[in-house]
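Structural features, examined
Letter by letter, the chains look like this.
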Amino acid sequence: MEQKPTNRFAVERGAREDLLHGRRVAFFGGSFDPPHIGHLAVARAARELLRLDEVLFVPVGRQPLKIGLGAAYEDRCAMTRIAIEGEPEFSVSMIDAPHAEDAPNYTAETLEALQGMMSKGGKLFCLMGADSLLALDHWHRGAEIPFLAEVIVASRPGEALEPLGEHLPMGLKLAVEEPEKLENGRLERWKIVDQGGRAALLNILPGLHNEVSATELRTAIQTGRGSEQLMPHAVLAYIHNHGIYT
Ligand code: ATP
C-alpha cells in the first residue's frame, strides 16, 4: 500500500515544509545505525563553514548498497532525534521513510523532492562523508547528484580523496586544477563539469579526522566494549533500554 506523502515528507521539529523556503539547507542522509559523534562533527563543521541555516538528518528506510541494517527504521529515527537534541539548526526528516514493498530509497529522488519544497532564494546542499563520495559512482544516478544539490564532502580517516579527479563518478571531471581555499583552508571549493558542460561546485572539508563508524560501534555494543566516548550518552541509554544490537 502506498504511504501518504504527508508522512513521508514531514520534517520533524520544525514540522512544516515551508521551513525550507529561502534557507540554506543541507540534506544529510545515512543509516544512522546508530548516530555517533562523527555524524555530529560533520554536521557542525558544514553548518559553520557553509553558513547553513539547517542540517536535515535523514535516516534512510532502505539503503540500496547496504544489506541488513541493525536497528529498525523507527529506532534509528528516535536515536537520531536524541543525538541532535540541543542543536537548534539540526532536525530529523522522515522524507526517506521505507517505501512500500521494501523498495530502496534513492538520494537523487529525495533531493528532487526536497528541491520541490525550496523556494527562490533558498539553497539545497547534499552533505556526505568521504567514503560516500568515493562510492558515488555506484549510486543510482550518482553523476547527477552534484547538479541536484551542491555537494559538501567531509574528510574521513582512511578515505583518501586525492587525486580528487580520479574519484568522481564517470562523466564528471574537475574544471580547475586547484581548489579555492576558504576559511583558513578549512573549506576547499572545487568546480566540476559534466559531459554536457554543466558546472557545479563541490565543497571539501579536509580537516575532519573522526575515527568512528557505526559498524565499529555496533560491534562494540554487541561485545560489551565501551563506546561511551563515541556517541551521545542519551543515545547509548536508548540502545540499552531497547535492547538494540544485542
Ligand atoms: P557504517 O559503519 O554502518 O557504514 P557510518 O558510520 O558510515 O555507518 P552512516 O549513517 O552510513 O554512518 O553515514 C551517514 C553519512 O555520514 C555518510 O555520508 C558517511 O560518509 C558520513 N560519516 C559517517 N561517519 C563519518 C565520520 N566519522 N567522518 C566523516 N563522515 C562520516
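Refer to the structure printed above.
All of these numbers come straight from a predicted model, not from anything done at the bench.

Relative to strand β4 (residues 123–129), strand β1 (residues 24–30) runs parallel, the two sharing five bridges. Residue pairing for β4: F28 is matched across the bridge by L127. Taken together, the six bridges between β1 and strand β2 (residues 54–59) define a ladder with parallel strand orientation. Its bridge partner lying in β2, V25 is registered against E54. Note that the unit made of β1, helix α2 (residues 37–49) and β2 has a crossover that is right-handed.

This part takes up the packing of aromatic side chains. One pass over the structure, following the stated rule, counts four aromatic pairs. A ring pair is formed by F28 and F32, whose centres lie 5.6 Å apart and whose planes are at 80°; its orientation type is edge-to-face. This pair shows no difference in class: F28 is buried, exactly as F32 is. Each ring, one from F32 and one from F57, has its centre 5.7 Å from the other, and the planes form 45°; the classification is tilted. Separated by 25 residues along the polypeptide, F32 in the loop between β1 and α2 and F57 in strand β2 bring together distant segments of the chain. Each member of the pair, F32 as well as F57, carries the same accessibility label: buried. A cation sits over an aromatic face here: K123 above F125, 5.4 Å from the ring centre. Positioned over the ring face of F147 is R198, at 4.1 Å from the centre of the ring.

Cut-off values and rules
- Residues numbered from 1 in each chain as written.
- Predicted model: local features only at pLDDT ≥ 70, side-chain atom pairs only at ≥ 80, totals over all residues.
- Heavy atoms only, no water.
- Pairing = 2+ DSSP bridges.
- Helix = DSSP H or I, 4+ residues; strand = E, 2+ residues; numbered from the N terminus.
- Right-handed = clockwise from strand over helix to strand, strands pointing away.
- Phe/Tyr/Trp six-rings, centres within 6.5 Å; stacked < 30°, edge-to-face > 60°.
- Buried < 20%, exposed > 50% of the residue type's maximum accessible area, 1.4 Å probe, protein only.
- Lys NZ or Arg CZ within 6 Å of the ring centre and 35° of its normal.

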